[in-house]
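Descriptive structure summary
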Amino acid sequence: MPIEIRKKAPTKGIFDAVRSLTRNEVLVGVPAENAGRQPEPGEERTLNNAEIGYVQEFGSTIEGAGGQSFVIPPRPHLRPAVSDAREQLAGALKKGVMGALKGDAEAGDKALHTAGLIAQNAVRNKITEGPFVPLAPMTLQKRKARGRTGEKPLIDTGAYRNAQTYVVRPKGED
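Reference entry: report on the structure contained in this document. What you see as residue numbers is a count from 1 along each chain, following the sequence as written. Side-chain atom pairs in this predicted model are given and counted only at pLDDT of 80 or more, local residue features only at pLDDT of at least 70, and totals for whole chains, interfaces and linings cover all residues. Each side-chain value is worked out from all heavy atoms of the structure, with water and hydrogens disregarded.

1. Examining the pairing of strand β3 (residues 69-72)
As judged from the four bridges shared by strand β2 (residues 60-63) and β3, these two strands associate in the antiparallel manner. Opposite S60, over in β3, you have I72 as the bridge partner. Whether two strands pair comes down to DSSP finding at least two bridges between them. Helix and strand assignments follow DSSP, with helices taken as H or I runs no shorter than four residues and strands as E runs no shorter than two, numbered in order from the N terminus.

Right, here's the structure in full:
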């Protein structure tokens, strides 16, 4: 019976690689450093891009001039886009886990960045393609008064869509 000699698996490297994968997280949307935006002429209070995203994702009622209320319907785009990309995201993360199990210390970080790009692009595409509740006639009038002709919800100047990005950071960091 032949004797087979096997090298001991590099367990420390594997554990370190897997640990690095579980210490970090990827977040998608509008991070604080991308939240600011230029006010439109005549704006009393400038909402930043993160606030705009929240209002668009969940809807809101806003008090206007003269005590008039305006309802902004929900136009979910962040959560549905990430949900729609879950198979691609799972594939990217699986590749990172498999690399980590082989001892590739960088595989987890690469996988998180790949997943971040996939999710970022999915959100930007969802903003571009919709479908969303159409804009109100008053909103369209205001856009035309500012010289804008687009009628797509969530896209006026494109700044909000372009602010969508991702960050990889240690879990629990604010």
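Next comes the rest of the write-up.
2. Digging into the packing of aromatic side chains
Only the six-membered ring of Trp is used, alongside the rings of Phe and Tyr, when aromatic pairs are assigned; centres must lie within 6.5 Å, and planes under 30 degrees apart are stacked while those over 60 apart are edge-to-face, with the rest tilted. With the rule as written, the count across this model stands at one aromatic pair. Judged by centre distance (4.8 Å) and plane angle (45°), the ring pair of Y54 and F58 falls under tilted. Of the two residues, Y54 and F58 are both situated in helix α2 (residues 49-58); the distance of four residues between them amounts to about one turn of the helix.

3. A few points about the environment of Y166
Tracing the backbone shows Y166 in strand β4 (residues 165-170). Summary of the burial criterion: residues with accessible area below 20% of their type's maximum are buried, those above 50% are exposed, and those between are partly exposed, where the area comes from a 1.4 Å probe applied to protein chains only. The exposure class assigned to Y166 is buried, which follows from its relative accessible area of 17%. Considering only alpha carbons, one finds Y166 and N49, 117 residues apart in sequence, at a separation of 14 Å. Polar contacts, as used here, are pairs of N or O atoms within 3.5 Å; protein pairs need one atom able to donate a hydrogen and one able to accept it. Residues neighboring in sequence count only if both atoms are side-chain atoms. Reaching out from Y166, the side chain makes a polar contact with the side chain of H113 at a distance of 2.9 Å.

4. Things to note about the packing of helix α4 (residues 86-101) against helix α5 (residues 107-129)
Viewed as axis vectors pointing N to C, α4 and α5 meet at an angle of 175°, and their least axial separation amounts to 8 Å. Classified by the interaxial angle, the pair formed by α4 and α5 is roughly antiparallel. Contacts between α4 and α5 involve Q88, L89, A92, L93, G96, G99 and A100 from the first element and A107, G108, A111, L112, T114, A115, I118 and A119 from the second. Gly is placed with the polar residues, together with every amino acid not listed as nonpolar (Ala, Val, Leu, Ile, Met, Phe, Trp, Tyr, Cys and Pro) or charged (Asp, Glu, Lys and Arg). Residue classes in the contact of α4 with α5 are distributed as 10 nonpolar, five polar and no charged. Convention adopted: a line fitted to C-alpha atoms gives each axis, helices being fitted over their contacting stretch, and angles between N-to-C directions are expressed from 0 to 180 degrees. When describing relative orientation, an angle under 35 degrees is termed roughly parallel and one over 145 degrees roughly antiparallel, while 65 to 115 degrees is termed roughly perpendicular and anything else oblique. In this analysis, two residues are considered to be in contact whenever any of their non-hydrogen atoms come within 4.5 Å of each other.

5. What about the nonpolar core?
In a soluble, globular protein the nonpolar side chains are often hidden away together inside. Core analysis: the largest hydrophobic core is formed by 17 residues, its most contacted members being V30, A85, L89, I118 and I127. Of all the secondary-structure elements, those providing two or more residues to this core are α4, α5 and α7 (159-163). Other than its neighbours up to four places away in sequence, I118 contacts A85, Q88, L89 and A92. To define a nonpolar core, start from buried Ala, Val, Leu, Ile, Met, Phe, Trp, Tyr and Cys residues and group those joined through side-chain atoms within 4.5 Å.

What is shown is where atoms sit, not what they do.
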